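As a plain string of letters, each chain reads:
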Amino acid sequence: MRIARFSIDGNVAFGVVEGEPSDPDGPVIDIIKGHPFAEFERSGQKVPLSKVRLLPPVLPNKVVGIGRNYAEHAAELGNEVPDVPVVFFKPSTSVIGPGDPVAYPSFSSEVHYEAELAVVIGRMCREVPRDRVQDVILGYTCGNDITARDAQRREKQWARAKGFDTSCPLGPWVETDIDLTRAGDLGIMCTVNGEQRQLGRTSEMVRPIEDLIVHITEAMTLLPGDVVLTGTPAGVGPLSVGDEVAVTIEGIGTLTNKVIKRG
């Protein structure tokens, strides 16, 4: 199912998205009682998707990113594939939702898009064995690891380059009906102003999702709602103020954001 977090009339709730854009009345959201990290009931109270504002589908305690997990992407930036996964963090303040603006940071003149499959953690976990990884995943959503590339090169460590405010769009919802096998071969596309810039598949990952979760949880506890960004295919490139960037992942949906000047 597709679980969305949304606001309507000043209230924030989770709901299950039903239907497709082609339906006569469009998709609707069935508001749920409780939250998606435990057993919940559908309320039967439904509102049109067009009448709500979609929010980031989760509010992660932390976003754990994986760098250089696609060989062609590593090569296009002149990097080798690392011997072990490169792990970095994006703070909770970097997270925005579908339709929210990406504010171009004042310290950079080279901001790039990076379309990524985002794994949403469903339960507290640490030291997860490989054969139990499926059990700790709630579902998947679209992510855009917006990166200040010049700052990344200049500063070596990536905290500012990847952690600035609005640098982590997530959405439009969490798709729970995808297992690890399917998640390992999904199409990923990024467009800028409607023009295709990235096109790849998650099967091109150097290390699959199972290996990433095992590696991360050897070191730290993941909490419900935490997000793991699994890396980006080749084709990254610059964004400018006024651009509209969209990440589409097969079986999940499309996440769209516009770049604005930071005020």
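Residues numbered from 1 in each chain as written. Predicted model: local features only at pLDDT ≥ 70, side-chain atom pairs only at ≥ 80, totals over all residues. Heavy atoms only, no water.

**Comments concerning the sheet that holds strand β9 (residues 102–104)**
The condition that has to hold: Between any two strands, pairing holds if DSSP finds at least two bridges. Strands are runs of DSSP state E lasting at least 2 residues, helices are runs of H or I lasting at least 4, and numbering of each runs from the N terminus. The axes used here are C-alpha line fits, helices contributing only the stretch in contact, and every angle between their N-to-C directions lies in the interval 0 to 180 degrees.
Strands sit in the order β9-β20-β19-β15-β16 across an open sheet of five strands; the sheet is mixed. With partners counted over all chains shown, the strands left at the sheet margins are β9 and β16 (195–201), one partner each. Between one strand axis and the next, the sheet turns through 20° on average, direction left out of account. Alignment of strand β15 (residues 187–192) against β16, held across six bridges, turns out to be antiparallel. Counted as the bridge partner of C190 is Q198 from β16.

**Things to note about the sheet that holds strand β13 (residues 147–148)**
The sheet built from three strands is open, its strands ordered β13-β10-β18 with antiparallel pairing. Bordering the open sheet on either side are β13 and β18 (237–239), each of which pairs with just one other strand. As defined by bridge partners, strand β10 (residues 111–113) adjoins β18 across three bridges and the pair is classed as antiparallel. Paired with Y113 across the bridge in β18 is G237.

**Digging into the state of the cysteines**
Disulfide: a covalent bond connecting the sulfur atoms of a pair of cysteines. Applicable threshold: Our working definition of a disulfide is a cysteine sulfur pair at a distance within 2.5 Å.
Summed over all chains, the structure comprises zero disulfides. The thiol sulfur of C125 is not disulfide-bonded, and the nearest other cysteine sulfur, from C168, lies at 18 Å. Counting only cysteine sulfurs, C142 is the nearest neighbor of C190, a cysteine outside any disulfide, at a range of 11 Å.

**Some thoughts on the domain arrangement of the chain**
The test is simple: Bear in mind that the domain bounds are from an automatic or database domain assignment. Throughout, a residue-residue contact means that at least one pair of heavy atoms, one from each residue, lies within 4.5 Å. Note on terms: buried area is the combined drop in 1.4 Å-probe accessible area of two parts once they are placed together, counting the loss on both.
If you check the domain split of the chain, you get domain 1 (2–54) and domain 2 (63–261). Placing a centre on the C-alpha atoms of domain 1 and another on those of domain 2 gives a separation of 25 Å. Each partner contributes to the interface: domain 1 provides nine residues, whereas domain 2 provides 12 residues. Summed over both partners, the interface of domain 1 with domain 2 buries about 870 Å², with 65% contributed by carbon and sulfur atoms. Interface area lost by domain 1 to domain 2 is led by R2, F37 and L54, which between them contribute 61%.

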